[in-house]
Amino acid sequence: MTTPTSDIDENSHRISDKSELVEYFEAGNKPRSDWRIGTEHEKFGFIRDGLRPLPYEGEASVLSILEGLRDRFGWQPIIEAEKLIGLKKDGASISLEPGGQFELSGAPLQTMHETCNEVGSHLREVREIADPLGVAFMGLGASPVWSLAETPVMPKGRYRIMMEYMDKVGRLGRQMMFRTCTVQANLDFASEADMVKKFRVSLALQPLGTALFANSPFMEGRPNGFLSYRSQIWTDTDPDRTGMLPFVFEDGFGFERYVDYALDVPMYFVRRGGKYLDASGLSFRDFMDGKLPILPGEKPAMDDFADHLSTIFPEVRLKQFLEMRGSDGGPWSHLCAFSAFWTGLLYCSDSLDACWDLVKSWSDAERESMRQGVRTLGLRTPVPGGRTMQDLALDVLDIARAGLKRRANLSVAGDDETGYLTELDEIARSGITPAERLLEKYHGEWQRDLSRIFVDQAY
């Protein structure tokens, strides 16, 4: 949920017609040689002494980590209202989620080896700054111990607007903002037709991604009844901007249909004069017509549309690339495996075709049933055809492995990209999700002492 920070130029071109929004998405078309992998991951920071959440300010704080990364490793500051709220360098950025979750939005990279090296380098830098401060980070899909009241609030203008609006449209929106972490992969497409196929395949398989990476079984110090509580939270956040998007599977779907969907999603904000103006619940279509009540007579710039797209949260999101959004955050090895999984499926035409053959007959109801089921059943979730999610996982991992092998991208040691799937192979073979492993420890060797998770899941 990376936050835009530069203001809208009052002299920038204003959108006059919906066709310009279609062209915005068309500008994402890239030849295969230019396809890249972008990995985003969020993590929870905490103070080791007392296992307290990381506040924004103080000796051991979010701010001290950002300042340390800026001063020692050459990251450039991102400032909002005179507050340091992020960093950027070499096509990557570090941003803050509402409750202080630290997010790395990685640079677009060509191979999984580069991607995994980037994640590892980032975590080493963070540890170098955090360790002397008595601060650590952990990878989970949901905050396991702290209450919402105990969770700090970051000083970013859009979050105040979002908090107030969330309470009007769902029960769990604030939980999503402050108490969840995810991992995402951003992947390219060659054309509108290629986008459509990748969107359909990846959306149909998001429940599998949720199951394989399910890693949020605790909340407020005890089991919450789910394997992926983060996924549960998204089912009651805001129905206007979340979910499985059945229209993606309808005949005629393409860039224009997604534009129509985006225009019908209520707005959150508009950035003007260095401030976030509250536009919550207002219509971007009215904005296009110069009829937005808070900016009468003014039409949006393309940056306004890009901002609006960033406030839409389906399981797969279209920008000028596709974002895979259905999985919990986790440890370092999960982050590499996640991007490798989707790269192997979507960046090889044979693998993409094989996946489409697996999912093309599924109905909207079946896709939604799988999405609902994996939250509690994980890899035991029924799949159409009398199969289970575990059966599907084994098949799809074979397809992903073949796709990565065909890419033939070798590391300096001569290894291809298939090795990043090893951890997922074990999960699929055993049928036991990461969340179930944590629950086994909680009820067994941890003797229900959930403080142990801060060591077990630490980066």
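Quick notes on the rules
Each chain has its residues counted from 1, running along the sequence as written. Restriction of local features to residues with pLDDT of at least 70 applies here, the model being predicted, together with a cutoff of 80 or more for giving and counting side-chain atom pairs; totals for whole chains, interfaces and linings are based on all residues. Each side-chain value is derived from all of the structure's non-hydrogen atoms; neither hydrogens nor water enter the calculation. The numbering of helices and of strands both runs from the N terminus, where a helix is a DSSP run of H or I of at least 4 residues and a strand a run of E of at least 2. Atoms counted for the radius of gyration: C-alpha only. Globule rule: 2.2 Å times residue count to the power 0.38. Note on classification: 1.4 Å probe, protein chains only; a residue is buried when its accessible area is under 20% of the maximum for its type, exposed when over 50%, partly exposed between these limits. Charged residues are defined narrowly, with Lys and Arg counted positive, Asp and Glu counted negative, and His plus the chain ends left uncounted. For the purpose of locating charges, the reference atoms are NZ of Lys, CZ of Arg, CG of Asp and CD of Glu. Any pair of nitrogen or oxygen atoms within 3.5 Å is treated as a polar contact; in protein, a donor-acceptor pairing is required on top of that, and neighbouring residues in sequence qualify only through side-chain atoms on both sides. The contact criterion used throughout is that any non-hydrogen atoms of two residues lie within 4.5 Å. A carboxyl oxygen of Asp or Glu within 4 Å of a side-chain nitrogen of Lys or Arg is what we treat as a salt bridge. Any two rings among Phe, Tyr and Trp, with Trp reduced to its six-membered ring, count as a pair given centres within 6.5 Å; such a pair is stacked if its planes are under 30 degrees apart, edge-to-face if over 60, and tilted if neither. The criterion is that NZ of a Lys, or CZ of an Arg, lies within 6 Å of the ring centre and within 35 degrees of the ring normal, and then a charge sits over that ring. In plain terms, two cysteine sulfur atoms within 2.5 Å form what is called a disulfide here. Strands are treated as partners if at least two bridges between them are detected by DSSP. Structural elements are reduced to axes, namely lines fitted to C-alpha atoms, with helices fitted over the stretch in contact, and the angle between N-to-C directions of any two is expressed from 0 to 180 degrees. Roughly parallel refers to an angle under 35 degrees, roughly antiparallel to one over 145, roughly perpendicular to one between 65 and 115, and oblique to any angle outside these ranges. By convention the crossing between two helices is left-handed if the near helix lies anticlockwise of the far one by an angle smaller than a right angle, and right-handed if it lies clockwise. Polarity classes work like this: nonpolar for Ala, Val, Leu, Ile, Met, Phe, Trp, Tyr, Cys and Pro, charged for Asp, Glu, Lys and Arg, and polar for all others, with Gly in that last group.

Caption draft 1: Local environment of the overall build of the protein. In terms of helices and strands, the protein carries 18 helices and 18 strands. Computed over the C-alpha atoms, the radius of gyration of the protein is 21 Å, within 12% of the 23 Å expected from 2.2 N^0.38 for a compact globule of 459 residues. Once the C-alpha set of the protein is aligned to its principal axes, its extents read approximately 65 × 55 × 45 Å. Buried positions account for 59% of the 459 residues belonging to the protein. The averaged location of the 70 negative side-chain charges in the protein is 2 Å from the averaged location of its 53 positive side-chain charges.

Caption draft 2: Molecular detail of the side chain of R179. Tracing the backbone through its elements, the reader meets R179 in helix α5 (residues 173-179). At a separation of 2.8 Å, a polar atom in the side chain of R179 contacts the main-chain carbonyl oxygen of W146. Within polar-contact distance, the side chain of R179 engages the side chain of E220 at 3.2 Å. Apart from the residues within four sequence positions on either side, R179 is in contact with F44, Q101, G141, A142, S143, W146, S147, L148, T151, R174, M219 and E220.

Caption draft 3: Structural detail: the pattern of salt bridges. A complete count under the given rule lists 40 salt bridges for this structure. For R174, the salt bridge goes to D167, with nearest N and O atoms at 2.9 Å. Note on R174: relative accessible area 28%, which makes it partly exposed. With relative accessibility at 47%, the residue D167 sits in the partly exposed group.

Caption draft 4: Seen up close, the packing of aromatic side chains. Under the criterion given, the structure shown has 26 aromatic pairs. Arranged with centres 6.5 Å apart and planes meeting at 75°, the rings of F44 and W146 form a pair that is edge-to-face. Note that F44 is positioned in strand β1 (residues 37-47) and W146 in the loop between β7 (135-138) and α4 (157-169), a separation of 102 residues in sequence. Each ring, one from W146 and one from F454, has its centre 5.9 Å from the other, and the planes form 50°; the classification is tilted. With a gap of 308 residues between them, W146 in the loop between β7 and α4 and F454 in helix α18 (residues 453-456) connect regions that are remote in the sequence. Here W146 and F454 have matching classes, each one buried. A cation sits over an aromatic face here: R241 above Y268, 4.0 Å from the ring centre.

Caption draft 5: Summary view of the state of the cysteines. What the rule picks out here adds up to 1 disulfide. Between the sulfur atoms of C116 and its disulfide partner C336 the distance amounts to 1.9 Å. Here C116 and C336 share a disulfide; its torsion about the S-S bond, 85°, makes the bridge right-handed. One end of the pair, C116, is in helix α3 (residues 112-130); the other, C336, is in helix α12 (residues 332-346), with 220 residues separating them in the sequence. There is no split in this pair, since C116 and C336 are both buried. Of the cysteine sulfurs around C355, a residue in no disulfide, the closest is that of C348, at 9.6 Å.

Caption draft 6: The arrangement of the pairing of strand β3 (residues 76-80) in detail. Sheet topology places β3 next to strand β4 (residues 83-89); 5 bridges connect them, and they run antiparallel. Residue P77 lies in a different strand from β4, and its bridge partner there is L87. Where β3 folds back on β4, the antiparallel hairpin that results is connected by 2 residues, among which A81 adopts a positive phi of roughly 50°.

Caption draft 7: Focus on the packing of helix α1 (residues 18-26) against helix α11 (residues 302-309). Across the interface, α1 lies against α11 with an axial gap of 11 Å and an inter-helix angle of 65°. On the basis of their axis angle, the class for α1 and α11 is roughly perpendicular. Once α1 is placed against α11, the crossing between them reads as right-handed. Residues E20, L21, Y24 and F25 of α1 form the contact with α11, whose own contacting residues are M302, F305, A306 and L309. By residue class, the composition of the contact of α1 with α11 is 7 nonpolar, no polar and 1 charged.

Caption draft 8: A look at the pairing of β1. Buried residues dominate β1, accounting for 11 of its 11 residues. Burial along β1 is two-sided: the face carrying I37, T39, H41, K43, G45 and I47 and the face carrying G38, E40, E42, F44 and F46 are both buried. Relative to strand β8 (residues 182-187), β1 runs antiparallel, the two sharing 5 bridges. Across the sheet, the residue bridging to G38 is N186, located in β8.

Caption draft 9: Region of the structure containing the environment of D90. Tracing the sequence through the fold places D90 in the loop between β4 and β5 (92-96). When the C-alpha positions of D90 and L66 are compared, they lie 16 Å apart, and in sequence the two are 24 residues distant.

Caption draft 10: Region of the structure containing the environment of A27. Assignment of secondary structure puts A27 in the loop between α1 and β1. Once the C-alpha coordinates of A27 and K197 are considered, the two residues, 170 residues apart in sequence, prove to be 18 Å apart.

Caption draft 11: Structural detail: α11. Those residues of α11 lying buried are D304, F305, D307, H308 and L309. In this fold, the buried residues of α11 make contact with α1, α9 (255-264), β12 (269-272), α10 (284-288) and β15 (316-318).

None of this, on its own, says anything about what the molecule does.
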